[in-house]
Amino acid sequence: MNEFKIIDILGKVSSGNGINLADSLSGIAIYEKKIALLFFSKESGYGDIKKYENLITESVNKEFANTTIHFDYTNDIKYKNSLSKSFKKNISQHINSDYQLDKWKTDGHKMLWHLDRVKDWQEEKKIAPLHIDMGFVNGCNMACTYCYGVIQNRAGYGTDAKNVFYTPKEKIINVFKEAKEIGVKSISIIGEGENTLHPDFYEILSYAKKIDLDIALSTNGIKIDNEKMDIFLDSLTWAKVNISAADPKSFKEIHKVAQFERVKKNIENLVKLRNKKSYKCTLGIQMVITKSNHDQIIPLAKLGAELGVDYCQVKPCTDTYDFKLDSMPGSDYLNLLDIFKEAETYSNEKYSVSVKWKKILNGGWKDYKTCFGTEFLINISGTGNVFPCCHWFDYRKDEFLMGNIIKTSLKDIVFSNRYAEVQKKIQTDVNVNKDCASNCRQHHMNRFLFHEGKSSTADLNEKYSEALSEKPNHINFI
(Lines give C-alpha, C1' and ligand atoms only; values in the text may rest on other atoms or scores of the structure.)
Protein backbone atom coordinates (compact mmCIF):
# COMPACT_ATOMS: atom_id res chain seq x y z
CA MET A 1 0.00 0.00 0.00
CA ASN A 2 1.28 3.47 -0.88
CA GLU A 3 0.50 4.80 2.59
CA PHE A 4 2.82 2.18 4.08
CA LYS A 5 5.55 3.14 1.61
CA ILE A 6 5.31 6.78 2.67
CA ILE A 7 5.44 5.91 6.36
CA ASP A 8 8.53 3.84 5.61
CA ILE A 9 10.08 6.79 3.73
CA LEU A 10 9.37 9.12 6.66
CA GLY A 11 11.19 6.76 9.00
CA LYS A 12 14.28 7.00 6.84
CA VAL A 13 14.22 10.69 5.89
CA SER A 14 15.53 11.93 9.22
CA SER A 15 17.64 8.93 10.11
CA GLY A 16 20.72 10.00 12.04
CA ASN A 17 19.32 13.41 12.92
CA GLY A 18 17.89 12.46 16.30
CA ILE A 19 14.29 12.47 15.12
CA ASN A 20 12.13 9.82 13.48
CA LEU A 21 9.36 11.57 11.56
CA ALA A 22 7.29 8.40 11.51
CA ASP A 23 7.03 8.79 15.29
CA SER A 24 5.31 12.15 14.80
CA LEU A 25 2.97 11.13 11.99
CA SER A 26 -0.63 10.92 13.22
CA GLY A 27 -2.49 10.53 9.94
CA ILE A 28 -1.99 10.03 6.23
CA ALA A 29 -4.46 10.36 3.36
CA ILE A 30 -3.78 9.94 -0.35
CA TYR A 31 -6.07 11.14 -3.11
CA GLU A 32 -4.49 10.38 -6.47
CA LYS A 33 -1.44 12.71 -6.67
CA LYS A 34 -2.32 14.55 -3.46
CA ILE A 35 -0.84 13.43 -0.16
CA ALA A 36 -1.95 14.88 3.17
CA LEU A 37 0.21 14.32 6.25
CA LEU A 38 -0.78 15.15 9.83
CA PHE A 39 2.02 15.55 12.35
CA PHE A 40 1.74 15.83 16.11
CA SER A 41 4.10 17.90 18.25
CA LYS A 42 3.86 18.99 21.86
CA GLU A 43 5.16 22.39 20.87
CA SER A 44 2.86 24.76 19.01
CA GLY A 45 5.70 25.90 16.75
CA TYR A 46 6.33 22.46 15.23
CA GLY A 47 9.77 23.73 14.26
CA ASP A 48 11.61 20.42 14.54
CA ILE A 49 9.19 18.79 12.15
CA LYS A 50 8.53 21.69 9.78
CA LYS A 51 12.17 22.04 8.85
CA TYR A 52 11.95 18.63 7.16
CA GLU A 53 9.10 19.57 4.80
CA ASN A 54 11.36 20.09 1.77
CA LEU A 55 13.29 16.91 2.48
CA ILE A 56 10.06 14.94 2.87
CA THR A 57 8.69 16.33 -0.40
CA GLU A 58 11.90 15.50 -2.23
CA SER A 59 12.10 11.97 -0.82
CA VAL A 60 8.43 11.17 -1.49
CA ASN A 61 8.65 12.47 -5.05
CA LYS A 62 11.50 10.10 -5.78
CA GLU A 63 9.04 7.26 -5.19
CA PHE A 64 5.84 9.03 -6.30
CA ALA A 65 6.60 11.48 -9.10
CA ASN A 66 4.68 14.76 -9.45
CA THR A 67 2.84 14.49 -6.17
CA THR A 68 1.84 17.46 -4.03
CA ILE A 69 2.10 17.19 -0.27
CA HIS A 70 -0.06 19.10 2.18
CA PHE A 71 1.32 19.32 5.72
CA ASP A 72 -1.01 19.65 8.70
CA TYR A 73 0.13 20.03 12.30
CA THR A 74 -1.58 19.60 15.66
CA ASN A 75 -0.61 19.73 19.32
CA ASP A 76 -3.89 18.13 20.35
CA ILE A 77 -2.90 15.24 22.60
CA LYS A 78 -5.69 13.12 21.12
CA TYR A 79 -3.60 12.80 17.96
CA LYS A 80 -0.36 11.89 19.70
CA ASN A 81 1.42 9.16 17.81
CA SER A 82 2.50 5.99 19.61
CA LEU A 83 3.72 3.71 16.85
CA SER A 84 5.21 0.58 18.33
CA LYS A 85 8.67 -0.76 17.60
CA SER A 86 6.97 -3.82 16.17
CA PHE A 87 5.03 -1.72 13.65
CA LYS A 88 8.10 0.18 12.50
CA LYS A 89 10.04 -3.06 12.25
CA ASN A 90 7.36 -4.92 10.29
CA ILE A 91 6.00 -2.22 7.99
CA SER A 92 8.63 -2.96 5.34
CA GLN A 93 7.04 -6.41 4.95
CA HIS A 94 3.78 -4.82 3.87
CA ILE A 95 4.80 -1.82 1.74
CA ASN A 96 4.10 -3.78 -1.44
CA SER A 97 0.88 -5.36 -0.20
CA ASP A 98 -2.10 -4.97 -2.48
CA TYR A 99 -5.07 -2.76 -1.62
CA GLN A 100 -8.35 -3.27 -3.41
CA LEU A 101 -11.85 -2.18 -2.56
CA ASP A 102 -14.21 -5.05 -1.94
CA LYS A 103 -17.05 -5.50 -4.43
CA TRP A 104 -19.34 -3.35 -2.27
CA LYS A 105 -16.79 -0.51 -2.06
CA THR A 106 -17.28 -0.33 1.71
CA ASP A 107 -14.06 1.69 2.11
CA GLY A 108 -15.00 4.02 -0.72
CA HIS A 109 -18.01 5.62 -2.45
CA LYS A 110 -20.24 5.18 -5.49
CA MET A 111 -20.77 8.80 -6.49
CA LEU A 112 -19.32 8.15 -9.95
CA TRP A 113 -22.43 6.17 -10.84
CA HIS A 114 -24.64 9.12 -9.95
CA LEU A 115 -22.98 11.93 -11.89
CA ASP A 116 -26.34 13.21 -13.11
CA ARG A 117 -27.08 14.27 -9.51
CA VAL A 118 -23.56 15.63 -9.13
CA LYS A 119 -24.10 17.75 -12.25
CA ASP A 120 -27.31 19.18 -10.80
CA TRP A 121 -25.44 19.99 -7.60
CA GLN A 122 -22.66 21.69 -9.56
CA GLU A 123 -25.27 23.82 -11.28
CA GLU A 124 -26.67 24.76 -7.84
CA LYS A 125 -30.05 23.23 -8.54
CA LYS A 126 -32.18 22.09 -5.60
CA ILE A 127 -31.51 18.38 -5.29
CA ALA A 128 -32.88 15.55 -3.22
CA PRO A 129 -30.34 13.40 -1.39
CA LEU A 130 -29.33 10.16 -3.08
CA HIS A 131 -29.47 8.30 0.21
CA ILE A 132 -31.06 8.57 3.65
CA ASP A 133 -29.90 6.93 6.87
CA MET A 134 -33.19 6.58 8.74
CA GLY A 135 -33.99 5.42 12.22
CA PHE A 136 -37.52 5.00 13.47
CA VAL A 137 -36.80 3.92 17.06
CA ASN A 138 -34.83 6.06 19.50
CA GLY A 139 -34.10 3.28 21.99
CA CYS A 140 -31.97 0.15 22.11
CA ASN A 141 -31.63 -3.19 23.88
CA MET A 142 -27.82 -3.02 24.02
CA ALA A 143 -25.36 -0.47 25.39
CA CYS A 144 -22.29 -0.97 23.18
CA THR A 145 -19.19 0.76 24.52
CA TYR A 146 -18.60 2.44 21.15
CA CYS A 147 -22.19 3.61 20.61
CA TYR A 148 -22.62 7.17 19.38
CA GLY A 149 -26.29 6.98 20.35
CA VAL A 150 -25.46 6.41 24.02
CA ILE A 151 -23.55 9.69 24.29
CA GLN A 152 -26.43 11.38 22.45
CA ASN A 153 -28.68 10.21 25.30
CA ARG A 154 -30.80 7.88 23.19
CA ALA A 155 -33.47 6.03 25.17
CA GLY A 156 -33.52 2.45 26.40
CA TYR A 157 -30.94 0.14 27.89
CA GLY A 158 -27.74 1.76 29.13
CA THR A 159 -29.04 5.33 29.46
CA ASP A 160 -31.17 7.35 31.86
CA ALA A 161 -33.81 8.02 29.19
CA LYS A 162 -36.27 5.12 29.39
CA ASN A 163 -39.23 6.28 27.27
CA VAL A 164 -38.57 4.69 23.91
CA PHE A 165 -40.26 6.42 20.97
CA TYR A 166 -41.48 4.61 17.87
CA THR A 167 -42.12 6.70 14.77
CA PRO A 168 -45.69 5.97 13.63
CA LYS A 169 -45.84 3.43 10.81
CA GLU A 170 -47.84 5.66 8.50
CA LYS A 171 -45.20 8.41 8.79
CA ILE A 172 -42.43 5.98 7.87
CA ILE A 173 -44.44 4.72 4.90
CA ASN A 174 -44.98 8.32 3.78
CA VAL A 175 -41.22 8.90 3.89
CA PHE A 176 -40.57 5.80 1.79
CA LYS A 177 -43.22 6.82 -0.74
CA GLU A 178 -42.02 10.41 -1.05
CA ALA A 179 -38.37 9.34 -1.15
CA LYS A 180 -39.11 7.40 -4.33
CA GLU A 181 -40.99 10.35 -5.79
CA ILE A 182 -38.27 12.97 -5.23
CA GLY A 183 -35.36 10.82 -6.40
CA VAL A 184 -33.88 9.24 -3.28
CA LYS A 185 -32.19 6.05 -4.47
CA SER A 186 -31.82 4.14 -1.21
CA ILE A 187 -32.54 4.15 2.52
CA SER A 188 -30.50 2.43 5.20
CA ILE A 189 -32.46 1.63 8.32
CA ILE A 190 -29.92 2.81 10.84
CA GLY A 191 -30.00 5.37 13.61
CA GLU A 192 -29.36 5.98 17.27
CA GLY A 193 -31.57 3.04 18.28
CA GLU A 194 -32.31 -0.56 17.33
CA ASN A 195 -34.96 -0.42 14.63
CA THR A 196 -36.01 -4.08 14.81
CA LEU A 197 -37.71 -3.12 18.09
CA HIS A 198 -40.41 -1.27 16.14
CA PRO A 199 -43.73 -3.15 16.52
CA ASP A 200 -44.47 -2.69 12.79
CA PHE A 201 -40.96 -3.47 11.58
CA TYR A 202 -41.87 -6.25 9.15
CA GLU A 203 -44.86 -4.37 7.72
CA ILE A 204 -42.50 -1.47 7.04
CA LEU A 205 -40.08 -3.78 5.22
CA SER A 206 -42.92 -5.25 3.18
CA TYR A 207 -44.04 -1.80 2.04
CA ALA A 208 -40.53 -0.94 0.82
CA LYS A 209 -40.51 -4.19 -1.16
CA LYS A 210 -43.93 -3.37 -2.61
CA ILE A 211 -42.77 -0.01 -4.02
CA ASP A 212 -39.37 -1.40 -5.10
CA LEU A 213 -37.35 0.86 -2.80
CA ASP A 214 -33.73 -0.13 -2.18
CA ILE A 215 -33.46 -0.55 1.60
CA ALA A 216 -30.86 -2.00 3.93
CA LEU A 217 -30.48 -2.62 7.66
CA SER A 218 -27.83 -2.35 10.33
CA THR A 219 -28.90 -4.26 13.43
CA ASN A 220 -27.51 -5.75 16.62
CA GLY A 221 -29.21 -9.01 15.62
CA ILE A 222 -31.00 -9.77 18.89
CA LYS A 223 -34.62 -9.24 17.89
CA ILE A 224 -34.88 -10.90 14.49
CA ASP A 225 -38.12 -12.86 14.22
CA ASN A 226 -37.39 -16.37 12.93
CA GLU A 227 -40.96 -16.65 11.71
CA LYS A 228 -40.58 -13.55 9.53
CA MET A 229 -37.12 -14.08 8.09
CA ASP A 230 -38.60 -14.51 4.61
CA ILE A 231 -39.88 -10.93 4.73
CA PHE A 232 -36.51 -9.80 6.08
CA LEU A 233 -34.50 -11.46 3.30
CA ASP A 234 -36.92 -10.68 0.49
CA SER A 235 -37.19 -6.97 1.33
CA LEU A 236 -33.62 -5.95 2.14
CA THR A 237 -30.82 -5.37 -0.36
CA TRP A 238 -28.36 -6.03 2.42
CA ALA A 239 -28.30 -6.53 6.18
CA LYS A 240 -25.34 -6.07 8.50
CA VAL A 241 -25.13 -7.31 12.07
CA ASN A 242 -22.96 -5.23 14.38
CA ILE A 243 -21.09 -7.80 16.41
CA SER A 244 -17.73 -6.75 17.84
CA ALA A 245 -16.66 -9.91 19.64
CA ALA A 246 -16.44 -13.60 18.82
CA ASP A 247 -17.14 -15.25 22.18
CA PRO A 248 -19.78 -14.81 24.93
CA LYS A 249 -17.47 -13.21 27.52
CA SER A 250 -15.98 -10.62 25.16
CA PHE A 251 -19.40 -9.97 23.63
CA LYS A 252 -20.85 -9.05 27.03
CA GLU A 253 -17.90 -6.78 27.80
CA ILE A 254 -18.39 -4.83 24.57
CA HIS A 255 -22.17 -4.92 24.10
CA LYS A 256 -23.17 -5.09 27.79
CA VAL A 257 -25.70 -7.89 27.28
CA ALA A 258 -25.36 -11.69 27.39
CA GLN A 259 -26.86 -12.36 23.96
CA PHE A 260 -23.95 -13.75 21.94
CA GLU A 261 -25.43 -17.19 21.27
CA ARG A 262 -28.78 -15.72 20.28
CA VAL A 263 -27.21 -13.28 17.81
CA LYS A 264 -24.98 -16.01 16.39
CA LYS A 265 -27.96 -18.33 15.92
CA ASN A 266 -29.99 -15.61 14.21
CA ILE A 267 -27.15 -15.02 11.75
CA GLU A 268 -26.85 -18.75 11.08
CA ASN A 269 -30.61 -19.00 10.44
CA LEU A 270 -30.58 -16.04 8.08
CA VAL A 271 -27.72 -17.48 6.05
CA LYS A 272 -29.32 -20.92 5.93
CA LEU A 273 -32.68 -19.58 4.74
CA ARG A 274 -31.08 -17.13 2.29
CA ASN A 275 -29.09 -19.93 0.67
CA LYS A 276 -31.99 -22.38 0.66
CA LYS A 277 -34.41 -20.01 -1.08
CA SER A 278 -31.84 -18.07 -3.13
CA TYR A 279 -32.72 -14.67 -1.74
CA LYS A 280 -30.43 -11.93 -3.08
CA CYS A 281 -29.93 -10.19 0.27
CA THR A 282 -26.24 -9.68 1.10
CA LEU A 283 -25.49 -10.64 4.71
CA GLY A 284 -22.51 -9.33 6.64
CA ILE A 285 -21.11 -8.66 10.07
CA GLN A 286 -19.32 -5.54 11.28
CA MET A 287 -16.77 -5.08 14.00
CA VAL A 288 -15.96 -1.71 15.58
CA ILE A 289 -12.46 -1.72 17.05
CA THR A 290 -12.00 -0.33 20.55
CA LYS A 291 -9.18 -0.30 23.06
CA SER A 292 -10.50 -3.48 24.64
CA ASN A 293 -11.54 -5.79 21.79
CA HIS A 294 -8.72 -5.88 19.25
CA ASP A 295 -7.91 -9.40 20.42
CA GLN A 296 -11.24 -10.35 18.82
CA ILE A 297 -10.35 -9.26 15.26
CA ILE A 298 -8.95 -12.59 14.06
CA PRO A 299 -11.53 -14.75 15.93
CA LEU A 300 -14.33 -12.67 14.38
CA ALA A 301 -12.81 -12.99 10.90
CA LYS A 302 -12.83 -16.76 11.43
CA LEU A 303 -16.37 -16.72 12.83
CA GLY A 304 -17.69 -14.84 9.81
CA ALA A 305 -16.30 -17.53 7.52
CA GLU A 306 -17.85 -20.24 9.68
CA LEU A 307 -21.25 -18.53 9.71
CA GLY A 308 -21.26 -18.24 5.93
CA VAL A 309 -21.87 -14.48 5.72
CA ASP A 310 -20.65 -12.56 2.70
CA TYR A 311 -18.29 -10.24 4.52
CA CYS A 312 -16.79 -9.15 7.82
CA GLN A 313 -16.12 -5.42 8.04
CA VAL A 314 -13.43 -4.21 10.44
CA LYS A 315 -13.56 -0.49 11.10
CA PRO A 316 -12.22 2.12 13.52
CA CYS A 317 -14.56 3.68 16.04
CA THR A 318 -16.32 6.85 14.88
CA ASP A 319 -15.80 9.25 17.76
CA THR A 320 -16.76 12.83 18.57
CA TYR A 321 -14.36 15.69 17.88
CA ASP A 322 -13.46 15.65 21.61
CA PHE A 323 -13.21 11.83 21.85
CA LYS A 324 -16.10 11.28 24.24
CA LEU A 325 -16.06 7.56 23.40
CA ASP A 326 -12.38 7.36 24.34
CA SER A 327 -11.58 5.58 21.09
CA MET A 328 -8.08 4.52 20.15
CA PRO A 329 -5.66 7.12 18.76
CA GLY A 330 -5.08 6.56 15.06
CA SER A 331 -1.55 5.29 15.49
CA ASP A 332 -2.77 2.63 17.92
CA TYR A 333 -4.81 1.15 15.07
CA LEU A 334 -1.64 0.99 12.98
CA ASN A 335 0.03 -1.02 15.70
CA LEU A 336 -2.48 -3.75 14.88
CA LEU A 337 -1.11 -4.00 11.34
CA ASP A 338 -0.07 -7.65 11.57
CA ILE A 339 -3.43 -8.59 13.10
CA PHE A 340 -5.34 -6.83 10.31
CA LYS A 341 -3.23 -8.53 7.67
CA GLU A 342 -3.77 -11.96 9.23
CA ALA A 343 -7.54 -11.31 9.44
CA GLU A 344 -7.57 -10.57 5.70
CA THR A 345 -6.13 -14.01 4.96
CA TYR A 346 -9.48 -15.57 5.90
CA SER A 347 -11.05 -14.03 2.79
CA ASN A 348 -11.96 -16.41 -0.01
CA GLU A 349 -14.03 -16.41 -3.20
CA LYS A 350 -17.29 -16.27 -1.26
CA TYR A 351 -16.25 -14.33 1.82
CA SER A 352 -14.44 -11.02 2.28
CA VAL A 353 -12.69 -9.68 5.37
CA SER A 354 -12.74 -5.95 4.68
CA VAL A 355 -10.46 -3.77 6.80
CA LYS A 356 -11.31 -0.09 6.36
CA TRP A 357 -7.70 0.88 5.75
CA LYS A 358 -8.33 4.42 4.53
CA LYS A 359 -10.20 5.32 7.70
CA ILE A 360 -7.57 3.64 9.86
CA LEU A 361 -4.60 5.30 8.22
CA ASN A 362 -5.95 8.86 8.34
CA GLY A 363 -5.96 8.86 12.14
CA GLY A 364 -9.45 10.38 12.15
CA TRP A 365 -8.14 13.53 10.41
CA LYS A 366 -9.79 14.80 7.24
CA ASP A 367 -7.87 15.89 4.14
CA TYR A 368 -10.62 18.27 3.05
CA LYS A 369 -11.95 21.50 4.49
CA THR A 370 -15.63 21.43 3.55
CA CYS A 371 -18.45 18.96 4.00
CA PHE A 372 -20.52 18.71 0.81
CA GLY A 373 -21.60 15.12 1.44
CA THR A 374 -24.70 16.01 3.43
CA GLU A 375 -26.29 17.26 0.20
CA PHE A 376 -26.27 13.63 -0.97
CA LEU A 377 -26.76 11.73 2.31
CA ILE A 378 -28.95 12.97 5.15
CA ASN A 379 -30.13 11.45 8.43
CA ILE A 380 -33.51 11.02 10.08
CA SER A 381 -33.45 10.28 13.81
CA GLY A 382 -35.62 7.80 15.67
CA THR A 383 -37.91 10.67 16.67
CA GLY A 384 -38.38 11.85 13.08
CA ASN A 385 -35.97 14.78 13.16
CA VAL A 386 -34.16 15.47 9.88
CA PHE A 387 -30.50 16.51 10.08
CA PRO A 388 -27.60 16.85 7.65
CA CYS A 389 -25.94 13.99 9.58
CA CYS A 390 -26.36 12.06 12.81
CA HIS A 391 -23.63 14.03 14.61
CA TRP A 392 -26.11 16.84 15.23
CA PHE A 393 -28.85 14.70 16.81
CA ASP A 394 -27.99 16.04 20.27
CA TYR A 395 -25.24 18.60 19.62
CA ARG A 396 -26.00 22.13 18.36
CA LYS A 397 -29.35 20.61 17.52
CA ASP A 398 -31.23 23.88 17.06
CA GLU A 399 -28.68 25.09 14.52
CA PHE A 400 -28.93 22.07 12.25
CA LEU A 401 -32.46 20.69 12.63
CA MET A 402 -34.11 20.87 9.19
CA GLY A 403 -37.57 19.56 10.06
CA ASN A 404 -39.49 16.59 11.42
CA ILE A 405 -41.19 13.99 9.22
CA ILE A 406 -43.99 13.49 11.76
CA LYS A 407 -45.01 17.15 11.39
CA THR A 408 -43.95 17.87 7.78
CA SER A 409 -43.64 15.75 4.66
CA LEU A 410 -40.16 14.70 3.54
CA LYS A 411 -40.65 16.45 0.20
CA ASP A 412 -41.57 19.75 1.84
CA ILE A 413 -38.56 19.50 4.17
CA VAL A 414 -36.04 18.70 1.43
CA PHE A 415 -37.17 21.57 -0.81
CA SER A 416 -37.64 24.10 2.00
CA ASN A 417 -35.62 27.25 2.60
CA ARG A 418 -34.65 25.91 6.02
CA TYR A 419 -33.10 22.78 4.43
CA ALA A 420 -31.04 24.93 2.04
CA GLU A 421 -29.97 27.28 4.84
CA VAL A 422 -28.73 24.41 7.03
CA GLN A 423 -26.85 22.78 4.15
CA LYS A 424 -25.11 26.10 3.46
CA LYS A 425 -24.31 26.49 7.17
CA ILE A 426 -22.65 23.06 7.15
CA GLN A 427 -20.40 24.21 4.32
CA THR A 428 -19.52 27.63 5.69
CA ASP A 429 -19.62 27.42 9.50
CA VAL A 430 -18.43 23.90 10.32
CA ASN A 431 -14.77 23.03 10.78
CA VAL A 432 -14.68 19.37 9.76
CA ASN A 433 -11.63 18.64 11.91
CA LYS A 434 -12.80 20.53 14.99
CA ASP A 435 -16.59 20.25 15.07
CA CYS A 436 -17.35 16.87 13.51
CA ALA A 437 -17.12 13.17 14.18
CA SER A 438 -14.10 11.26 12.90
CA ASN A 439 -14.53 9.14 9.76
CA CYS A 440 -18.20 9.94 9.34
CA ARG A 441 -20.67 8.37 6.91
CA GLN A 442 -20.09 11.16 4.38
CA HIS A 443 -16.29 10.95 4.58
CA HIS A 444 -15.47 9.20 1.28
CA MET A 445 -18.08 11.23 -0.60
CA ASN A 446 -16.58 14.38 0.88
CA ARG A 447 -13.13 13.44 -0.36
CA PHE A 448 -14.46 12.98 -3.90
CA LEU A 449 -16.60 16.14 -3.85
CA PHE A 450 -13.81 18.29 -2.36
CA HIS A 451 -11.02 17.06 -4.64
CA GLU A 452 -12.96 16.41 -7.84
CA GLY A 453 -16.52 17.55 -7.36
CA LYS A 454 -16.05 20.72 -9.38
CA SER A 455 -14.68 18.87 -12.42
CA SER A 456 -17.13 18.66 -15.29
CA THR A 457 -19.12 15.44 -15.33
CA ALA A 458 -18.01 14.96 -18.93
CA ASP A 459 -14.38 14.97 -17.78
CA LEU A 460 -15.21 12.63 -14.91
CA ASN A 461 -16.99 10.23 -17.27
CA GLU A 462 -13.97 10.18 -19.53
CA LYS A 463 -11.45 9.88 -16.72
CA TYR A 464 -13.27 6.99 -15.03
CA SER A 465 -14.71 5.33 -18.15
CA GLU A 466 -13.06 2.00 -17.39
CA ALA A 467 -14.29 1.94 -13.77
CA LEU A 468 -17.78 3.07 -14.81
CA SER A 469 -18.08 0.16 -17.22
CA GLU A 470 -18.37 -2.20 -14.26
CA LYS A 471 -21.27 -1.40 -11.95
CA PRO A 472 -20.56 -2.19 -8.30
CA ASN A 473 -22.90 -4.18 -6.11
CA HIS A 474 -25.41 -2.09 -4.16
CA ILE A 475 -24.91 0.81 -6.58
CA ASN A 476 -27.58 2.96 -4.92
CA PHE A 477 -25.94 2.81 -1.50
CA ILE A 478 -23.45 5.57 -2.14
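Just so it is clear, the structure is predicted and the values come from calculations on it, not from any experiment. Position numbers for residues count from 1 along each chain, tracking the sequence in the order it is written. Predicted model: local features are reported for residues with pLDDT of at least 70 only, side-chain atom pairs are reported and counted for 80 or more only, and whole-chain, interface and lining totals are derived from all residues. Neither water nor hydrogens contribute to the side-chain values; these are computed over all heavy atoms in the structure.

A.B. asks: Teacher, can you tell me more about helix H19 (residues 443–452) here?
C.D. replies: Since the α-helix packs 3.6 residues into each turn, any two residues three or four apart lie on the same face. Burial classes: relative accessible area under 20% of the type maximum marks a residue as buried, over 50% as exposed, and values in between as partly exposed (1.4 Å probe, protein chains only). Only DSSP runs of H or I with at least four residues qualify as helices, and only runs of E with at least two residues qualify as strands; both kinds are numbered from the N terminus onward. Summarising burial for H19: nine of the ten residues are buried, a large majority. Considered for burial, the residues of H19 that qualify are His-443, His-444, Met-445, Asn-446, Arg-447, Phe-448, Leu-449, His-451 and Glu-452. Any pair of residues with heavy atoms lying within 4.5 Å of one another is described as a contacting pair. If you follow the buried residues of H19, they end up packed against strand S1 (25–31), strand S2 (34–40), helix H5 (115–122), helix H15 (357–361), strand S13 (377–380) and helix H20 (457–463).

A.B. asks: Explain the sheet that holds S1 to me, please; I cannot follow it from the model alone.
C.D. replies: Either a parallel or an antiparallel arrangement is found when strands of a sheet pair, and the pairing is made through backbone hydrogen bonds. The sheet built from three strands is open, its strands ordered S1-S2-S3 with mixed pairing. In the strand order of this sheet, the two ends are held by S1 and strand S3 (68–74), each with one partner. Recorded for the sheet is a direction-independent mean angle of 15 degrees between the axes of neighbouring strands. Bridge count between S1 and S2: six bridges; the pairing is antiparallel. The residue of S2 that forms the bridge with Ile-28 is Leu-37. Interaxial angle, 0 to 180 degrees, is taken between N-to-C directions of lines fitted to C-alpha atoms, where a helix line uses only the stretch in contact. Its contacts with the sheet put H19 on S1 and S2, and the angle it makes with S1 is roughly 65 degrees. We call two strands paired when DSSP finds no fewer than two bridges between them.

A.B. asks: Could you clarify how one ought to interpret the nonpolar core in this entry?
C.D. replies: Proteins that are soluble and globular tend to have nonpolar side chains buried together. By convention a nonpolar core is built from buried Ala, Val, Leu, Ile, Met, Phe, Trp, Tyr and Cys residues, the set being connected through side-chain atoms within 4.5 Å. Grouped together as the largest cluster of nonpolar side chains are 128 residues, with contacts concentrated most on Leu-37, Phe-39, Ile-56, Phe-176 and Phe-232. For Leu-37, the residues in contact, after removing those within four places along its chain, are Ile-6, Leu-25, Gly-27, Ile-28, Ile-56, Ile-69, His-70, Phe-71 and Asp-72. Listed in part, the 19 residues of the second largest apolar core include Trp-121, Leu-130, Met-445 and Leu-468.

A.B. asks: What should I look at first to understand the sheet that holds strand S12 (residues 352–355) in this one?
C.D. replies: In space, the ten strands of this open sheet follow the order S12-S11-S10-S9-S8-S7-S4-S13-S14-S15, with mixed pairing throughout. Whereas interior strands pair on both sides, the edge strands pair on one side only; in this sheet they are S12 and strand S15 (403–404). Here strand S9 (residues 238–242) pairs with strand S10 (residues 282–289) via five bridges, running parallel. When the sheet's bridge partners are listed, Asn-242 is paired in S10 with Gln-286. On the sheet, helix H14 (residues 337–344) packs against S10, strand S11 (311–316) and S12 and is oriented at approximately 155 degrees with respect to S12.

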